[in-house]
Amino acid sequence: MKLPDFTQTEAIKAAAEKPVWVHFGGGNLFRCFHAEIAQKLLNSGDLNAGVIVAETYDDGVVEQAYKPFNNRFLQVVMDEKGNYDKTLLASVANAIYYNRANPQGWAELKAIFENPSLQFVTMSITEKGYALADINGKLSAAAQADIAGAPDEATTNMGAIARLLLARYQAGKFPIAMVSTDNFSENGKRFADGILTIAQGWADKGTVDTAFIDYLKDPNQVSFPWSMIDRITPNPAESVATILQQSGFEDTTIIHTAKHTNIAPFGNTEATHYLVIEDSFPNGRPALEKAGVILTDRATVNDADQMKVTACLNPLHTGLAIFGSILGYTSIAAEMANPDLVALIKQLGYNEDLPVVKDPHIIDPKQFIDEVIEQRLPNKNIPDTPQRIASDTSQKLAIRYGVTLQHYLDENKDTSSLKAIPLIIAGWCRYLMAIKDDGTPFEPSRDPLLADVQPHVAAIKLGETINVHETLRPILTNRQIFPVDFDQLNLTKTIEANFAAMITGTGAVAQTLHQVVGEEK
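So, how was this worked out
- Residues numbered from 1 in each chain as written.
- Predicted model: local features only at pLDDT ≥ 70, side-chain atom pairs only at ≥ 80, totals over all residues.
- Heavy atoms only, no water.
- Buried < 20%, exposed > 50% of the residue type's maximum accessible area, 1.4 Å probe, protein only.
- Helix = DSSP H or I, 4+ residues; strand = E, 2+ residues; numbered from the N terminus.
- Pairing = 2+ DSSP bridges.
- Axes fitted to C-alpha atoms, helices over the stretch in contact; angles between N-to-C directions.
- Parallel < 35°, antiparallel > 145°, perpendicular 65-115°, else oblique.
- Left-handed = near helix turned anticlockwise from the far one by under 90°.
- Contact = heavy atoms within 4.5 Å.
- Nonpolar A, V, L, I, M, F, W, Y, C, P; charged D, E, K, R; others polar.
- Salt bridge = Lys/Arg side-chain N within 4 Å of Asp/Glu carboxyl O.
- Phe/Tyr/Trp six-rings, centres within 6.5 Å; stacked < 30°, edge-to-face > 60°.
- Lys NZ or Arg CZ within 6 Å of the ring centre and 35° of its normal.

**Quick word on the pairing of strand β12 (residues 266–270)**
If a strand is regular, its side chains alternate between the two faces of the sheet.
Phase 1: Across the 5 residues of β12, 5 count as buried, placing the element largely inside the fold.
Phase 2: Alternating residues of β12 divide into Phe266, Asn268 and Glu270 and Gly267 and Thr269, and every residue in both groups is buried.
Phase 3: In the sheet, strand β3 (residues 73–78) pairs with β12 via 5 bridges, with the strands oriented parallel. Across the sheet, the residue bridging to Leu74 is Phe266, located in β12.

**Description of the packing of helix α13 (residues 339–353) against helix α21 (residues 508–517)**
Phase 1: The N-to-C vectors of α13 and α21 enclose an angle of 45 degrees; their axes lie 9 Å apart at closest approach. The orientation of α13 relative to α21 falls into the category oblique. The handedness of the crossing between α13 and α21 comes out as left-handed. Here Asp340, Leu341, Ala343, Leu344 and Gln347 of α13 lie close against α21, whose contacting residues are Ala510, Leu513, His514 and Val517.
Phase 2: The residue inventory of the contact of α13 with α21, partitioned by class, reads 6 nonpolar, 2 polar and 1 charged.

**Here's the deal with the pattern of salt bridges**
Phase 1: Taken as a whole, this structure holds 19 salt bridges when the rule is applied.
Phase 2: With a shortest N-O distance of 3.7 Å, Glu127 and Arg400 are connected by a salt bridge. Linking Glu127 in the loop between β6 (120–123) and α5 (141–148) with Arg400 in helix α16 (residues 393–410), this pair joins segments that are 273 residues apart in sequence.
Phase 3: Here Arg400 falls in the buried class, since its relative accessible area comes to 5%.
Phase 4: Measuring nitrogen to oxygen at the nearest pair gives 3.0 Å for the salt bridge that ties Asp279 to Arg285.
Phase 5: Classification of Arg285 as partly exposed rests on a relative accessible area of 25%.
Phase 6: Members of the salt-bridge network, linked through shared partners, are Glu36, Lys40 and Arg231.

**Things to note about the packing of aromatic side chains**
Phase 1: Summed over all chains, the structure comprises 15 aromatic pairs.
Phase 2: Considering the side-chain rings of Tyr98 and Trp106, the 4.6 Å spacing of their centres and the 15 degrees angle between planes classify their relative orientation as stacked.
Phase 3: Taken together, a centroid distance of 5.7 Å and an interplanar angle of 85 degrees make the contact between Tyr130 and Phe191 edge-to-face. Within this pair, whereas Tyr130 is found in the loop between β6 and α5, its partner Phe191 is found in helix α7 (residues 187–205), the two being separated by 61 residues in sequence. Here Tyr130 matches Phe191 in class, with each residue buried.
Phase 4: Through pairs of rings, three or more aromatic residues link up here, namely Tyr130, Phe184, Phe191 and Phe224.
Phase 5: A cation over a ring is seen here: Arg190 above Phe184, with NZ or CZ 5.0 Å from the ring centre.
Phase 6: The ring of Tyr57 carries the charged tip of Lys259 above its face, separated from the ring centre by 5.3 Å.

Written out as structure tokens, the structure is:
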């Protein structure tokens, strides 16, 4: 096991006096990736202050997974050869539950943002953490309440963080970089848009002065760098806990918080990882490149991100998650033993996504897909599940498939050869029925729009005849889920035909999968 080369108490003291790095979202991705980057920099002396973790949603994460273990945790890297490399990470200086319901944390993080030494913020709060709109595209009730109320009354993530930036502005207009490292395209733009939506609402009401808006819009004061992040980090697994117990580790109990976060004193992850960030840090930064981060310009970040998120990994992962859940799989690696599922993601990646992907030049797209299909997804040592990947799918579809489809429209490319994308879209509609291919029910993964879209298909019974067009139309034309027009793409009938085939009876999903893509190589 690798141990820190620095003294944690010194890193804690430095962060208390002169904080450098705040991270929002203290879950498994942070614990297995961002925290490792910080540890490498602390080891080398390129960073002296530990990371301050801010958790906005789940107080159980802070109270059960950080504080009892002195903010330390074990990173377990599992490669495809069966090696388990263990590192004790002690790079977290403090963990704060930043929520209006916790006045102490609410005040503590505000004071940190008022400190001029703070250089940057990173985020891993998932797509839904940025949401300010309802299913109809209008400002949600929570967002409207944030705008109507005082900054100290904010409840949305964007409102609560805008409050912190306001405090920093009022303390001295200190510069800062706000870096979204969440797994969707143009994440920096979405982060900026969310903050500015709240802030502009305050300015329009007269709650804040207009110079605050100027501050937020000036990249020399507040930047919102774009990024691409890639490291498969499943929930902590019992199989890994057992191996650790056999190796003599005592703290291996997996924690299930009241708000349904699965976390543990350890985190399990894969060896392969990428983090590409736009190099825009107006208050300076540590030498992130010494810890493996690729710093580059926005255009290159965007190309790398679109390559990964919209083409070479995430769409493949989501396709496996949807069909894996319906077919009864509980392991992504096990799915890779199904030739039809492998054919699906090969058709998707090589034949449908690659033709419209722009080469970022810092990572080769074809080699990236090769690595994903041949090494990463089949890795039996990564205890990842389709059910985890299927979470929040409604928030992902626009990015995973909509971007590629928009490229087809923009480049006037023929869509008649597309097989995998319309099959996956139909598969998600079939997934919403919550019936496995063998006819037994299953519980869909958590999704903020599940209650809105599931009723359209919930009453369908396998084998019955329905009007597929009328049934699916409210789902397929929902622009919050699918920003592209399937009619314009000439894909509506294909999606509907695939769905109709998959509800003819038990076994119909596997049969349709084989018929549509099973012969593809």
